[in-house]
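# A look at the structure
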Amino acid sequence: MSDISSQLQEQILTAAAEKQPLQIVGGGTKAFMGRQIEPGQEILSLAGHSGIVSYHPVELVLTARAGTPLIELEAALNEHNQMLSFEPPVFGETATLGGTLACNLSGPGRPWWGSVRDQVLGIKMINGLGEHLRFGGQVMKNVAGYDVSRLQAGALGTLGVLTEVSLKVLPKPSDSRTLVFEAGADEALSIMNRRAAEPKPLSGACWLDGKLYLRLSGAHSAVASTAGYWGGKPLEYAEDFWQQLRDQQLPFFNAASEQPLWRFSVNPTARIPRLDGRWLIDWGGAQRWYLGQEGQGPADKAEMERLAAAAGGQVSLFRGGDRSAEVMHSQPEAMQRLQQRLKQAFDPDGLFNRGRLYSWM
Amino acid sequence: MSQAETTGIKRNRQALAERFRAFIDPEYVISDDETLKPYECDGLSVYCEMPMLVVLPETVEQVQKVLQICHAEGVPVVARGAGTGLCAGAMPHPEGVVLSLAKFNRILEIDPLARAARVQPGVRNLAISEAANAHGLYYGPDPSSQIACTIGGNVAENSGGVHCLKYGLTVHNLLGVELLTVEGERLSIGSEGLDNCGADLLALLTGSEGLLGIVTEIRVKLLPTPEVAQVVMAGFDSVQTAGDAVGSIIAEGIIPGGLEMMDSHAIVAAEAYAKAGYPVDAQALLLCEVDGTEEEVHEHIDAVEALFRRLGATSVRTSHSEEERARLWKGRKSAFPAVGRISPDYYCMDGTIPRSQLAHVLTEMDRMSQAYGLRVANVFHAGDGNLHPLILFDANRPGELERTEEFGAKILELCVEVGGCITGEHGVGVEKIRQMPKQFNEQELAQFHRIKAVFDPDATLNPGKGVPTLRQCQEYRSLDMNIEPNAGAAAQHNGRCSHE
């Protein structure tokens, strides 16, 4: 619960002087993500840089230090019946706000309530020159200067060290219920997309093991009437289901320890490729998890990328597999050059999370 | 500019025009002063500059060639959509080419099931919603210029509108863009999915004011058209009470589709113009629009009405038909022209503030208004804290525009002081470049310059806009301290028109 930004700055300046690469660590719950850490990196710990700086429920704005645990934020918001609308996955009690933004992680409500990137209003960060900078702000709209805040989403800390994040928060919906339908993957995708095009309070659409789950959230009357009109079977303990989906605690994900877990981010209407193995569809079709067939070797990354591109999107190796190779979707050469130059613009000595995102960064 | 310089530009102009005419329809390469004239400014006409040339290419390959030639010759390129922008972001460069994307006006694809549209940058904002309407869908952001403004311009400025609190800005409603770099290299940013691997370049490009690249195609999200929308209008006898009412709606857990506030000057002007039935004796007026399913809207409208009454609204009226809803909005939507009728000229500001600071900011503004002897009417996107003070002035009175600009600058500085920012949706352009150092320090501005250099090392894309050079910042500072800057010339407002 303290501000250690000057210590962080000092450590970065020393590292810059010694050209000592740094590995940024928050709560350590997302160590499995990105590429394997190259040896010789010194840990820069954000865990001590924690605490809510300001929270104004009526303004719908919360500002917290990057090392603040998500569960602490959720508890504070809960008191005012508000929430982090991007439903961040909590991969462990120590999972932090900064790590969530750096990894651009959002939960099941993302297509309807926005992602962590969407809800970020401003950040403070330390760049590779050891400068503590502020971008964006604590207001909903701010178009002065380049959007450096949202740029950080997905960068895996390669552009700098996030120290503070301001977010838009939202009231919790007053009611929620989940409907379950028997459906194959193709049929489920078609239903999800058709339902999402209706002006109804849909807030989650997931398919797993022959069952389609549709979540409705909003005013009680709207949820009740839509549920009546859509039919389906009500799901008991629905809140647990969506939380387990969010945090990858469903049995589907447990199998991931043996088979690598692939994440497809694609056109929500794209057909599911005919592949051996298992699929879980989330985000109304826009996010799909794939696990290879038990007992078979890992899927070929180039083949996965070809499938993702055919579906209008990208794929990454989310968990497991060979993490010394590339785990993110390949970039065309022109994009590689651009991203390398962007990295240099923030971190000229390549101090931060070297090789974590791509081997060439 | 000296005689010799002018002659030099004219010579370059004809030579360059001939090169462009080799691959662009000669009619769409404009090089005569008379036809160039309409391009001298955007929606902020106090800043203008004659361009060297205007080109209106029709294909991506043509744009690519224009960029390649300009890059090789070091010629500045200023991209332009419909020219409705309000920060002089599309003001031409005297030695540069205006790259108009007006011919890129086709909607390439509407995918109703995926709720997305692929459009060219010159497509008008409203045209997307009109085309999507057949599928029960629409495009969310609705800047007040939506009849005319283009989606490419919206991407460049990260445009907002009156529905941002619930539906977000342009950046929240994009999936991807096709980009040409300053060298004319093609890049795809984003995809048909909701996110992509690596740093979010789509967010970086959105709102970058044409400084980083030229967008040639855009994939936008479409939203289902709400079943119902109803608006509650309420008059209040103080701005403070109206501000509290806004907070109470949010505290109730309601996120209105639109939530607008007007002060007494704006109410009187709008009512005289639009006859919307506004209470002209009120000190503040709120328009709260709730949209969603029928049941939800009924539930929330009842709650909002009750809340307004409980908080002491002097009048409350709810729309019960689409005509009535349109009438209630008409006053707000015509607030700018309405204010234009009660004053020879007006200057629209675009600061944002934390909502809790509203009463303080309005009181301060009132004080300044008296000190400057200039009236100011306020229109406020209350839901998202975006304030549009309209300063009333008469450009024909010597010195009044300068006083207006100074007053405006003070308002923006006040916004920054209370925790807000200098622009919520209009962008920086030329207009607010002097206020950038108020919001960002030198290290932050230097970081912006390094980002710019990644995309455009020679700084030929829309030069002089968006981010001040560190030298400019030093000059602003000496001006602020009333010290004569040594260079002198840089202290002048680049491109200010006399409009004699």
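Residues numbered from 1 in each chain as written. Chains lettered and ligands numbered in written order. Predicted model: local features only at pLDDT ≥ 70, side-chain atom pairs only at ≥ 80, totals over all residues. Heavy atoms only, no water.

### Let's talk about the overall build of chain A
Put simply, the rule reads: In this text, helices come from DSSP runs of H or I with a minimum length of four residues, and strands from runs of E with a minimum of two, each type numbered from the N-terminal end. Taken over C-alpha atoms, the radius of gyration is set against a globule rule of 2.2 Å times the number of residues to the power 0.38. Classification of residues uses two cut-offs on accessible area relative to the type maximum, computed with a 1.4 Å probe and protein chains only: under 20% is buried, over 50% is exposed, and between them is partly exposed. The contact criterion used throughout is that any non-hydrogen atoms of two residues lie within 4.5 Å. Only four residue types enter the charge count, namely Lys and Arg as positive and Asp and Glu as negative; His and the chain termini do not. Note on charges: their place is set at NZ of Lys, CZ of Arg, CG of Asp or CD of Glu.
A tally of regular secondary structure across chain A gives 12 helices and 17 strands. A compact globule built from 361 residues would reach a C-alpha radius of gyration of about 21 Å, and chain A, at 21 Å, matches this within 12%. A burial count over chain A gives 65% of its 361 residues as buried. Nonlocal contacts in chain A, meaning residues at least 24 apart in sequence, comprise 69% of its contacts between residues at least 6 apart. Side-chain charges of chain A comprise 34 positive and 37 negative groups, with the mean position of each set lying 6 Å from the other.

### A look at helix α2 (residues 70-78) of chain A
Because an α-helix completes one turn every 3.6 residues, residues spaced three or four positions apart along the sequence face the same direction. Residues and elements named next belong to chain A. Inclusion rule: When we speak of the arc, we mean the arc of directions from the helix axis to the C-beta atoms.
Along α2, the positions that sit buried rather than exposed are Leu70, Leu73, Ala76 and Leu77. Across the axial projection of α2, the buried residues extend over an arc of 125°, all falling on one side. The inward-facing, buried residues of α2 contact β3 (52-56), β4 (61-65), β5 (82-83) and α3 (97-102).

### Side note on the pattern of salt bridges
Where charged atoms from two side chains of opposite charge approach closely, those side chains can pair. Stated formally: Every case where a carboxyl oxygen of Asp or Glu lies within 4 Å of a side-chain nitrogen of Lys or Arg is listed as a salt bridge.
Per the counting criterion, the structure on display carries 45 salt bridges over all chains. The shortest N-O distance in the salt bridge between Asp347(A) and Lys343(A) comes to 2.8 Å. Residue classification places Asp347(A) among the buried positions, given a relative accessible area of 1%. Between Lys432(B) and Glu431(B) there is a salt bridge; the shortest N-O distance is 2.8 Å.

### Focus on the packing of helix α13 (residues 358-372) of chain B against helix α14 (residues 400-417) of chain B
Residues and elements named next belong to chain B. Worth spelling out the cut-off: To obtain an axis, a line is fitted to C-alpha atoms, over the contacting stretch when the element is a helix, and the angle between two such axes runs from 0 to 180 degrees between their N-to-C directions. What sets the label is the angle itself: under 35 degrees gives roughly parallel, over 145 gives roughly antiparallel, 65 to 115 gives roughly perpendicular, and the rest give oblique. Should the near helix be turned counterclockwise from the far one by less than a right angle, the crossing is left-handed, whereas a clockwise turn marks it as right-handed. Classification convention: Asp, Glu, Lys, Arg as charged; Ala, Val, Leu, Ile, Met, Phe, Trp, Tyr, Cys, Pro as nonpolar; all other residues, Gly among them, as polar.
In contact at an axis separation of 11 Å, α13 and α14 are set at 160° when each is read in the N-to-C sense. Viewed along their axes, α13 and α14 adopt a mutual orientation that is roughly antiparallel. The interaxial crossing formed by α13 with α14 has right-handed handedness. In this structure, α13 uses His360, Val361, Glu364, Met365, Met368, Ser369 and Tyr372 to contact α14, whose residues at the interface are Arg403, Glu406, Phe407, Lys410, Ile411 and Leu414. Split into classes, the residues belonging to the contact of α13 with α14 amount to 7 nonpolar, 2 polar and 4 charged.

### Here we look at the side chain of His172(B)
Just so we agree on the cut-off: Under the rule applied, a polar contact is a pair of N or O atoms within 3.5 Å (in protein, one hydrogen donor and one hydrogen acceptor; residues adjacent in sequence only if both atoms are side-chain atoms).
Looking at the element boundaries, His172(B) is found in the loop between α6 (164-167) and β8 (174-180). Engagement of the side chain of His172(B) in a polar contact is seen with the side chain of Arg150(A), the distance being 3.4 Å. Ignoring sequence-local partners within four residues, the contact set of His172(B) consists of Arg117(A), Asp118(A), Arg150(A), Tyr167(B) and Lys221(B).

### A word on the sheet that holds β8(B)
Residues and elements named next belong to chain B. Put simply, the test is: Pairing between two strands is assigned when DSSP locates at least 2 bridges connecting them.
Taken in spatial order, the 5 strands of this open sheet run β5-β6-β10-β8-β9, and their pairing is antiparallel. Strand pairing shows two members of the sheet lacking a second neighbour, β5 (107-111) and β9 (186-190), which therefore form its edges. Within this sheet the neighbouring strands show an average axis-to-axis angle of 15°, counted without direction. Alignment of strand β6 (residues 116-119) against strand β10 (residues 214-221), held across 4 bridges, turns out to be antiparallel.

### What about the domain arrangement of chain A?
Residue and element names in this part refer to chain A. Which entries qualify depends on this criterion: Domains are outlined according to an automatic or database domain assignment. Buried surface area refers to the total accessible area, computed with a probe of radius 1.4 Å, that the two partners give up upon joining, counted for both partners together.
Along its sequence, chain A is carved into domain 1 (5-171) and domain 2 (175-246). Distance between the C-alpha centres of domain 1 and domain 2: 31 Å. Counting residues at the interface gives 11 residues for domain 1 and 10 residues for domain 2. Roughly 760 Å² is buried in total at the junction of domain 1 and domain 2, and carbon and sulfur atoms are behind 62% of that figure. For the interface between domain 1 and domain 2, the tally reads 2 salt bridges. Arg246 serves as the salt-bridge partner of Glu74, at 3.6 Å between the closest nitrogen and oxygen. One can count 2 residue pairs in polar contact (both at pLDDT 80 or more) joining domain 1 with domain 2. Looking at side-chain class alone, the side of domain 1 that touches domain 2 contains 7 nonpolar, 2 polar and 2 charged residues.

### Focus on empty space enclosed by the protein
All names here are of chain A. Put simply, the test is: Put plainly, a pocket is an open set of points on a 1 Å grid over the protein atoms alone with protein on both sides within 12 Å along at least five of seven lines, a cavity is a set where a 1.4 Å probe fits but cannot get out, and a lining residue has an atom within 4 Å of a point. Grid points are joined across faces, edges and corners, and a volume is the space filled by probe spheres set on the points.
Inspection of every chain in the model, using the stated rule, returns 10 cavities of 30 Å³ or more. Here the largest cavity is characterised by a volume of approximately 360 Å³. Lining the largest cavity we find 32 residues, and of these Cys103, Asn104, Leu105, Arg263 and Phe318 sit closest to its centre. Looking at the lining of the largest cavity, the elements with two or more residues in it are α9 (238-246), β16 (287-291) and β17 (314-319). Broken down by element, the residue count for the lining of the largest cavity peaks at 3 residues, all from β17. Taken as a whole, the second largest cavity holds about 210 Å³ of empty space.

### Notes on the packing of helix α12 (residues 333-346) of chain A against helix α16 (residues 442-455) of chain B
Orientation of α12(A) relative to α16(B), taken along the N-to-C sense of each, is 160°, at an axis distance of 9 Å. With respect to α16(B), the axis of α12(A) lies roughly antiparallel. The interaxial crossing formed by α12(A) with α16(B) has right-handed handedness. Seen from α12(A), the contacting residues are Leu338(A), Arg341(A), Leu342(A), Ala345(A) and Phe346(A); seen from α16(B), they are Gln447(B), Arg450(B), Ile451(B), Val454(B) and Phe455(B). Classifying every residue of the contact of α12(A) with α16(B) by side-chain character gives 7 nonpolar, 1 polar and 2 charged.

### A word on the interface of chain B and chain A
Taken residue by residue, the interface counts 84 residues in chain B and 77 residues in chain A. When chain B packs against chain A, the two sides together hide about 6400 Å² of surface, and 58% of this comes from carbon and sulfur. Summed over the three residues of chain B that lose the most area to chain A, namely Leu194(B), Asp195(B) and Cys197(B), the buried surface amounts to 11% of that side. The interface formed by chain B and chain A includes 7 salt bridges. Measuring nitrogen to oxygen at the nearest pair gives 2.7 Å for the salt bridge that ties Asp200(B) to Arg117(A). For the pair chain B and chain A, the interface holds 32 residue pairs in polar contact (both at pLDDT 80 or more). When residues of the side of chain B that touches chain A are traced back to their parent elements, those giving at least two are α6, β9, α7 (201-205), β10, α8 (239-251), α10 (294-310), α15 (436-439) and α16 of chain B.

### So, helix α4 (residues 125-132) of chain B
What α4(B) keeps buried is the set Asn125(B), Ala127(B), Ile128(B), Ser129(B) and Ala132(B). Check the buried side of α4(B) and you find it contacts β5, β6, β7 (137-138), α5 (151-157) and β10 of chain B.

### Things to note about unusual backbone geometry
All names here are of chain A. Residue Lys19 is not a glycine yet carries a positive backbone phi of 50°. A relative accessible area of 52% places Lys19 in the exposed class. With a phi close to 45°, Glu87 is a non-glycine residue in the positive phi region. Residue position: Glu87 is located in the loop between β5 and α3.

### What about the packing of aromatic side chains?
Aromatic ring pairs are reported here in terms of the distance separating the ring centres and the angle at which the planes meet. Using the following cut-off: Ring pairs are drawn from Phe, Tyr and Trp, using the six-membered ring of Trp, whenever the two centres fall within 6.5 Å, and their geometry is named by plane angle: stacked under 30 degrees, edge-to-face over 60, tilted for the rest.
With the rule as written, the count across this model stands at 19 aromatic pairs over all chains. A centroid spacing of 5.4 Å and a plane angle of 55° characterise the contact between Phe135(A) and Phe448(B), whose relative ring orientation is tilted. Of the two residues, Phe135(A) sits in strand β7 (residues 132-136) while Phe448(B) sits in helix α16, which places them in two different chains. When the centroid spacing of 6.3 Å and the interplanar angle of 80° are considered together, the rings of Tyr138(B) and Tyr167(B) count as edge-to-face. Of this pair, Tyr138(B) sits in strand β7 while Tyr167(B) sits in helix α6, placing them 29 residues apart in sequence.

### Points about the environment of Asp25(B)
Considering the arrangement of structural elements, one finds Asp25(B) in the loop between α1 (3-21) and β1 (29-30). Taking C-alpha positions, Asp25(B) is 8.7 Å from Leu56(B), a pair spaced 31 residues apart along the chain.

### Section: the nonpolar core
Put simply, the rule is: For our purposes a nonpolar core is just a set of buried Ala, Val, Leu, Ile, Met, Phe, Trp, Tyr and Cys residues, chained together by side-chain atoms within 4.5 Å.
Phe308(B) and Phe448(B) are the most contacted members of the largest nonpolar core, which totals 150 residues. Looking at this core element by element, the count peaks at 7 residues for α14(B). When sequence neighbours within four positions are dropped, the list of residues in contact with Phe448(B) reads Phe135(A), Gly145(A), Tyr146(A), Val148(A), Met436(B), Phe440(B) and Val467(B). By size, the runner-up hydrophobic cluster in this structure holds 60 residues, among which are Ala188(A), Met192(A), Leu261(A) and Ala311(A).

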